[in-house]
Each structure stands twice: as C-alpha cells, then as structure tokens.
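Coordinate inspection notes
Read off the chains here:
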Amino acid sequence: AVVSTQSTGKVTSSFFKETSITSNIFWRIETLILCNMNIADECLSIIQSCQPMALKTLHVSMCKKISDKGLLKIAQLPTIQDLDLSHLCKITDVGLKILANRLYRLRILKITGCITITDKGIRSLSICRNLHTLECAQCCQITNEAVDTISENLPKLQSVVFVKKLAVAIEI
C-alpha cells in the first residue's frame, strides 16, 4: 500500500491520531510520502506507535518542523530502506548517527539541503553496510574528505550525489 500526500497540505497530526485509532491502515503501508507537509515530530511518533511493519519507504522532505526527536522515532522503524530527509534544517549529526545505528536495512538516504549536517554525521553512516545511494547535495558543512571516507568504507555504495553549491555563470 502507498500513501502519498505530497504538497497537498491536508495531513495533520489529527489525521494520524484518527487513522491509527480507527483502522490498521499503517500496518500494511509500504510507502509513505509526506513531503512538504506541516507535520512535526509528534506525527512521526504516532506513525511509529502504529508499528507499520511493512513500511520500506518514508519521504518527509521539506517537513520543516521535523528534528532529531523525529529521527529517533524513524530509527524505531526497522524495515525502512528508502529515507528522504531532504531540506530538514532541524536535524543534526546526532540524529543521523541514531539512524545509522538502528536502520540496518537502509539502502537509500537523501539529506540534500540539510545544512546542519557535517562531516561527523556523514562519517557516522559508514556503518550502514546496505547503503547504496546517498544524496547530500547542498550540505554546505560536508567536505570532500568525508564523502571519500564513506565511499571507501561502504562496498555497496553505488551512487553519491554531492554538490556543495550550485554555481551559475551567465555570459553577456
């Protein structure tokens, strides 16, 4: 089952509370896309409490209220393989390390635009043995050295998207 509410703005924490109480919809969900929603850590706590055992894909990019507290709840979802945290400005290296330590099945991680993530956070991912795709573009505190280190330590890593800044040149 797939639930997608991308950019509709109609899902709130009350939706999750009502849905979790009235049905077992979360038990069967494999993909949950909540990009650009006005949700906070509380929503992730509600989702985690429903124990969605089939959930493999979770996209919460641009959900600006999500912090490390929410990542702690995501880390309690052991079936996650594809995680999009792009443009979450409140997450830090601490939250990334928690995910790395708990999400053993993680294959795809997108943290593009997470401006508080540093080399320390990237290096913590070196224990994610199943990680094959890492997108960390526009993370201004990450250096080439950290990306090189993780590339050397993860044999399954096939794709790394790393661009510090976008530069545009216009000739007149």
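Residues numbered from 1 in each chain as written. Predicted model: local features only at pLDDT ≥ 70, side-chain atom pairs only at ≥ 80, totals over all residues. Heavy atoms only, no water.

Right, let's talk about the overall build of the chain for a bit. In terms of helices and strands, the chain carries seven helices and seven strands. Ordering the α and β elements of the chain from the N terminus gives β-α-α-β-α-β-α-β-α-β-α-β-α-β. Counting the 172 residues in the chain, one finds 47% classified as buried. In the chain, the share of contacts with a sequence separation of at least 24, taken over all contacts with a separation of at least 6, comes to 77%. Here the chain displays about 9,000 Å² of accessible surface, and carbon together with sulfur accounts for 52% of that area. (Helix = DSSP H or I, 4+ residues; strand = E, 2+ residues; numbered from the N terminus. Buried < 20%, exposed > 50% of the residue type's maximum accessible area, 1.4 Å probe, protein only. Contact = heavy atoms within 4.5 Å. Areas by Shrake-Rupley, 256 points an atom, 1.4 Å probe, with all protein chains shown as cover.)

Turning our attention to helix α5 (residues 93-102). Asp93, Gly95, Leu96, Leu99 and Ala100 are the residues of α5 that are buried. Buried positions in α5, seen along its axis, are confined to an arc of 160° and lie on one side of it. Of the surrounding elements, those touching the buried residues of α5 are α4 (68-74), β4 (82-84), β5 (108-110) and α6 (119-124). (Arc of directions from axis to C-beta.)

Structurally, threonine 57 can be placed in strand β3 (residues 57-59). According to the relative accessible area criterion, threonine 57 is buried, its value standing at 15%. Those residues in contact with threonine 57, other than ones at most four positions away along the chain, are Glu30, Thr31, Leu32 and Asp82.

Its location among the elements puts serine 86 in the loop between β4 and α5. A polar side-chain atom of serine 86 sits 2.7 Å from a polar atom in the side chain of aspartate 84. (Polar contact = N/O pair within 3.5 Å; in protein donor to acceptor, adjacent residues only side chain to side chain.)

Our next topic: the confidence of the model for the chain. On average, residues of the chain score 85 in pLDDT, and 80% of them reach the 70 mark or higher. Ignoring residues within four places in sequence, the model shows residues 167-172, a span with pLDDT below 50, making zero contacts including any to other chains. (pLDDT = per-residue confidence, 0-100.)

Even without glycine at this site, histidine 87 takes up a positive phi of about 60°. Within the secondary structure, histidine 87 is located in the loop between β4 and α5. A residue is classified by how much of its surface remains accessible, and histidine 87, at 25% relative accessible area, is partly exposed. You will see that glutamine 138, though not glycine, has its phi angle at about 60°, which is positive. By the secondary structure assignment, glutamine 138 is in the loop between β6 (133-135) and α7 (144-153).

The next point concerns the nonpolar core. When a protein is soluble and globular, its nonpolar side chains tend to lie buried together. In terms of nonpolar packing, the biggest core is built from 45 residues, with Leu83, Leu85, Leu109, Ile111, Ile122 and Leu134 touching the most fellow members. Elements represented by at least two residues in this core include exactly α3 (41-49), α4, α5 and α7. Apart from the residues within four sequence positions on either side, leucine 109 is in contact with Leu83, Leu85, Leu96, Leu125, Leu131, Thr133, Leu134 and Glu135. (Core = buried A, V, L, I, M, F, W, Y, C linked by side-chain atoms within 4.5 Å.)

Now for the environment of leucine 55. If you trace the backbone, leucine 55 turns up in the loop between α3 and β3. By relative accessible area, leucine 55 is classed as buried at 1%. Linking leucine 55 and glutamine 81, residues 26 residues apart in sequence, is a C-alpha distance of 8.5 Å. Aside from chain neighbours lying at most four places away, what touches leucine 55 is Ile29, Glu30, Thr31, Leu32, Leu77, Thr79 and Ile80.

The next thing to look at is the state of the cysteines. Going through the model one piece at a time under the given rule, you end up with zero disulfides. With no disulfide of its own, cysteine 43 has cysteine 63 as its nearest cysteine by sulfur position, at a separation of 8.7 Å. (Disulfide = S-S within 2.5 Å.)

Moving on, we get to the environment of histidine 132. Relative to the elements of secondary structure, histidine 132 occurs in the loop between α6 and β6. The class of histidine 132 is buried, set by a relative accessible area of 14%. Residues histidine 132 and leucine 157, 25 residues apart in the sequence, show an inter-C-alpha distance of 3.8 Å. When sequence neighbours within four positions are dropped, the list of residues in contact with histidine 132 reads Arg107, Ile108, Lys156, Leu157, Gln158 and Ser159.

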